[in-house]
Amino acid sequence: MKVGIDAISFDVAKLHLPIHELAKARGIEAAKLEKGLGLLKMTFPDVHQDTVVFGANALTKLILEQNINLNEISRIYVGTESSIDSSKPIASFLVSLMEQKFGQGCLSHCDAVDFTFACIGGVDAMQNCMDFVRLYPEKKAIVVTCDIAKYDLNSTGEYTQGAGALAMLITSNPSIIAFENHWATSTKGVFDFFKPYRSIAKSSITGSDNNEDWFSSLETEIEIHKDQPVFDGQYSNQCYMDRTREAYFLFKKLKNSEETIYNSWASIVMHLPYSFQGRRMLTEIYALDSKEIEMDVQSLDYQNKLKEIGKSEAYQNFVTEKLQPAEIASSLIGNLYTGSVFMGLLSTLSHFYANDTPIEGNVFGFLAYGSGSKSKVFEGVVQSNWRAALEKTQLFETLEKSHKIDFTTYEKLHKKEVKKSVCFPKKEWVLDLIEKENPNLIGARYYKWIE
Ligand SMILES: CC(=O)SCCNC(=O)CCNC(=O)[C@H](O)C(C)(C)COP(=O)(O)OP(=O)(O)OC[C@H]1O[C@@H](n2cnc3c(N)ncnc32)[C@H](O)[C@@H]1OP(=O)(O)O
């Protein structure tokens, strides 16, 4: 039986700062960000937006666009690493907002929960929902990914910021893509990127892995709780490469294949914390699976050879053919954490939609990653109704309408110094800023639907 994604909707932050303006303000060469990392715009939430708002808007869009009968939905599972409460999941907020809009009790039969494992939480939610639909093919589930990728000002993560959500309907006999039931996973507990709820003693994390220099450079206690992560960028890249490589070769084993697996993938969709992450990290898998090199991670020669292969014409052609369609949206949005891999899929589909390319039957390979760290590798087959299912999506048209802000406004938004929305929307969920007006209501958040 086929199980997969039947419909997709999204809601991304509508404000953006052109990346060359950030580069100028920070004294970074714009070419490094644009040509080295593939960044063009960085999206940022407006005053009336938080994680719940993005999730609720993507979900409402999905329900309205697909005319979904909520009685048929058995699960709303959320992938997020930007939750706003340690106990109440985003899924609970979403259920109450949907009941506010579509009728009291309309989702009371529905299971709802959040999945958190950094950027891979959405894939975990989807895998779980697909197992459920395989067991009960007449039932349907919705996966929502919602996050705000906010980093410290002046940090190396700053230029990769982005925000938004996707909502996906998971069914049997899906219209867009059906996933094969081969899932390869690689997990290792590391501290490459994390957001501690409480102050965390350095002694509890030192010695966990090989980035000890970085740990030594941290304060004795990491001061918490803030929206921005504590991270070691280059180490997180190494963990990304290690986990995806391990999961990829496990996948090859699961498939019992002697062939170069990626040759059977028409497109490759990877977790993209920034646009060119996939192409920068995939050289090792590319070279190992084609037997161009033998693995020897510690040797300098090996690392230099990988760099050379990355620059080769053959690899650049490979990137253009298989990876580049997934990168387009990422360049214009920035990181979506749990949503990044799904936005990569939507970007790929939207690219082929716009170019009228027939892709039904094509096999897409997926390499997902979440810090902390875990990778899952799986594949899916594009279904014959994918074009019709994408008709209302309008990804690139929507991104085109994004509102440009200047650097000063961006910095003020980042520091939460802006009181009034820059771009107030119509027909959307917004955060009611009652908390700011009434200091006795610390932690209380209210949401309203704006007509
Ligand atoms: C959250 C996760 O998903 S974990 C995995 C990823 N980690 C993160 O996203 C954490 C947050 N992000 C970061 O810390 C950083 O943005 C990083 C680590 C991803 C990137 O770090 P930086 O130090 O900014 O960049 P880095 O030096 O690694 O790479 C710059 C690239 O631009 C290239 N470059 C530099 N200058 C130029 C130029 N003028 N023209 C063209 N390319 C240039 C470099 O050659 C290099 O590319 P290459 O290695 O492919 O050759």
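This one's a predicted model, so the numbers in the text were calculated from it and none came from an experiment.

What to know about the pairing of strand 15 (residues 363-370)
By the criterion of burial, strand 15 is predominantly enclosed, with seven of the eight residues buried. In terms of strand pairing, strand 14 (residues 267-270) meets strand 15 through four bridges, oriented parallel. If you follow Ile268 over to strand 15, its bridge partner there is Gly365. By the bridge criterion, eight bridges tie strand 15 to strand 16 (residues 374-382) in an arrangement that is antiparallel. Paired with Leu367 across the two strands is Val377, which belongs to strand 16.

Some words on the site of the ligand
Near the ligand lie 24 residues; those nearest to it are Lys32, Thr156, Tyr159, Ser236 and Arg280. With respect to the ligand, the backbone of Thr156 contributes an N or O atom lying 2.8 Å from an oxygen atom. A distance of 3.0 Å is found between an oxygen atom of the ligand and a side-chain nitrogen or oxygen belonging to Gln234. Secondary-structure elements contributing two or more residues to the shell around the ligand are helix 2 (30-36), helix 7 (233-254) and helix 8 (277-281). Its residues placed into classes, the shell around the ligand shows eight nonpolar, eleven polar and five charged.

Comments concerning the environment of Phe115
Mapping Phe115 onto the fold places it in strand 5 (residues 111-115). What makes Phe115 buried here is its relative accessible area of 18%. Sequence separation between Phe115 and Pro18 is 97 residues, and the spatial gap between their C-alpha atoms is 32 Å. Not counting residues within four places of it along the chain, the set of residues in contact with Phe115 comprises Tyr77, Val78, Gly79, Thr80, Gly121, Asp124, Ala125 and Asn128.

Considering the sheet that holds strand 3 (residues 41-44)
Pairing within the open sheet is mixed, and its three strands lie in the order 3-2-17. Strands at the two margins of the open sheet, each flanked by one partner only, are strand 3 and strand 17 (403-404). When strand 2 (residues 15-18) meets strand 3, the two strands line up antiparallel, connected through four bridges. Paired with His16 across the strands is Thr43, a residue of strand 3. Here helix 1 (residues 19-26) sits on the sheet in contact with strand 2, strand 3 and strand 17, set at roughly 55 degrees to strand 2.

Description of the UniProt feature "domain: Hydroxymethylglutaryl-coenzyme A synthase C-terminal" (unreviewed entry) in the protein chain
In the UniProt entry, the feature "domain: Hydroxymethylglutaryl-coenzyme A synthase C-terminal" (unreviewed entry) is given for residues 226-410. From the first C-alpha to the last, residues 226-410 spans 18 Å; its make-up is 52% helix and 14% strand.

Things to note about the packing of helix 10 (residues 300-311) against helix 11 (residues 313-333)
Put simply, helix 10 and helix 11 touch, their axes get as near as 5 Å, and they point 60 degrees apart. As the angle between them shows, helix 10 and helix 11 are arranged oblique. In this structure, helix 10 uses Ile309, Gly310 and Lys311 to contact helix 11, whose residues at the interface are Glu313, Tyr315 and Gln316. Residue composition of the contact of helix 10 with helix 11, grouped by class: two nonpolar, two polar and two charged.

Observations regarding the environment of Leu97
Relative to the helices and strands, Leu97 is located in helix 4 (residues 90-102). On the basis of relative accessible area, Leu97 is assigned to the buried category, the value being 4%. C-alpha separation for the pair Leu97 and Phe424, spaced 327 residues apart in sequence, amounts to 19 Å. Discounting chain neighbours no more than four positions away, the residues touching Leu97 are Val52, Ala56, Trp429 and Tyr447.

How each quantity is defined
- Residues numbered from 1 in each chain as written.
- Predicted model: local features only at pLDDT ≥ 70, side-chain atom pairs only at ≥ 80, totals over all residues.
- Heavy atoms only, no water.
- Buried < 20%, exposed > 50% of the residue type's maximum accessible area, 1.4 Å probe, protein only.
- Helix = DSSP H or I, 4+ residues; strand = E, 2+ residues; numbered from the N terminus.
- Pairing = 2+ DSSP bridges.
- Near = heavy atom within 4 Å.
- Polar contact = N/O pair within 3.5 Å; in protein donor to acceptor, adjacent residues only side chain to side chain.
- Nonpolar A, V, L, I, M, F, W, Y, C, P; charged D, E, K, R; others polar.
- Contact = heavy atoms within 4.5 Å.
- Axes fitted to C-alpha atoms, helices over the stretch in contact; angles between N-to-C directions.
- UniProt positions renumbered as here; feature names shortened; annotations may be inferred.
- Parallel < 35°, antiparallel > 145°, perpendicular 65-115°, else oblique.

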